[in-house]
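As a plain string of letters, each chain reads:
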Amino acid sequence: MSKKRWTIRGMAAGVIAGIGVAAFAVAPASAAPSNCSSGAMCLWMDSNYLTDGFSVLNFEFQYYHTDFAFVDWWESGTAVSVDNTTSSVYNNGNSYNAALFANPREGGYHKTFVKKTGQSQLTGYWNDRASSGYFCSYTSAC
Ligand SMILES: [Ca+2]
């Protein structure tokens, strides 16, 4: 409560002092999470773009990946299949939206992620569901 009041007062003071509101708009609205390569679709086992507490322990692909059962995360030094274990996703692609599919080889339901956006916690049906992923230039589903 007190922090919010301070922020509002601080912004008002900034405008009055001529600092300008532009300073508040400098940060990008949706910067890519740490360790998500430009041009890649990035997946993590846990929420908030982390696997076992580390952003670098992600799984990322370009173009498409037909079956997540063939790749593993490292959680506390143990290999855990990427299949049906993804909980956060960021599409850091530069040109295309991308989709995750419930089954291998673009099978089953899909969920599309607009380029340069992500979801810090997949919910409902989609948490721990993805089994393959494609940029939309490689599938007709999205
Ligand atoms: Ca699945």
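Residues numbered from 1 in each chain as written. Predicted model: local features only at pLDDT ≥ 70, side-chain atom pairs only at ≥ 80, totals over all residues.

J.: How do you make sense of the environment of Lys116 when you look at a structure like this?
T.: Looking at the element boundaries, Lys116 is found in the loop between strand E8 (107–113) and strand E9 (117–119). Spatially, the C-alpha atoms of Lys116 and Asn92 are 4.9 Å apart, while their sequence positions differ by 24 residues. (Helix = DSSP H or I, 4+ residues; strand = E, 2+ residues; numbered from the N terminus.)

J.: Any chance you could explain the sheet that holds strand E2 (residues 59–61) here in plain terms?
T.: Within the open sheet, the four strands sit side by side as E2-E1-E6-E9. Their pairing is antiparallel. At either end of the open sheet lies a strand with only one pairing partner, and these are E2 and E9. Sheet twist, expressed as the average angle between the axes of neighbouring strands with direction ignored, equals 10°. Of the pairings in the sheet, the one linking strand E6 (residues 88–91) to E9 comprises three bridges and is antiparallel in character. Residue pairing in the sheet places Asn91 in a bridge with Thr117 of E9. (Pairing = 2+ DSSP bridges. Axes fitted to C-alpha atoms, helices over the stretch in contact; angles between N-to-C directions.)

J.: Explanation requested: unusual backbone geometry in the structure shown.
T.: Residues apart from glycine generally show negative phi values, whereas peptide bonds are mostly found in trans. Positive phi, close to 60°, is recorded for Tyr49, a residue that is not glycine. Relative to the assigned elements, Tyr49 resides in the loop between strand E1 (41–44) and E2. Residue Tyr49 is classed as buried on the basis of its 24 C-beta neighbours within 10 Å. Even without a glycine there, the phi angle at Asp52 is positive, about 55°. In this structure, Asp52 sits in the loop between E1 and E2. For Asp52, a count of 15 C-beta atoms within 10 Å gives the class partly exposed. (Buried ≥ 20, exposed ≤ 12 C-beta atoms within 10 Å, placed from the backbone.)

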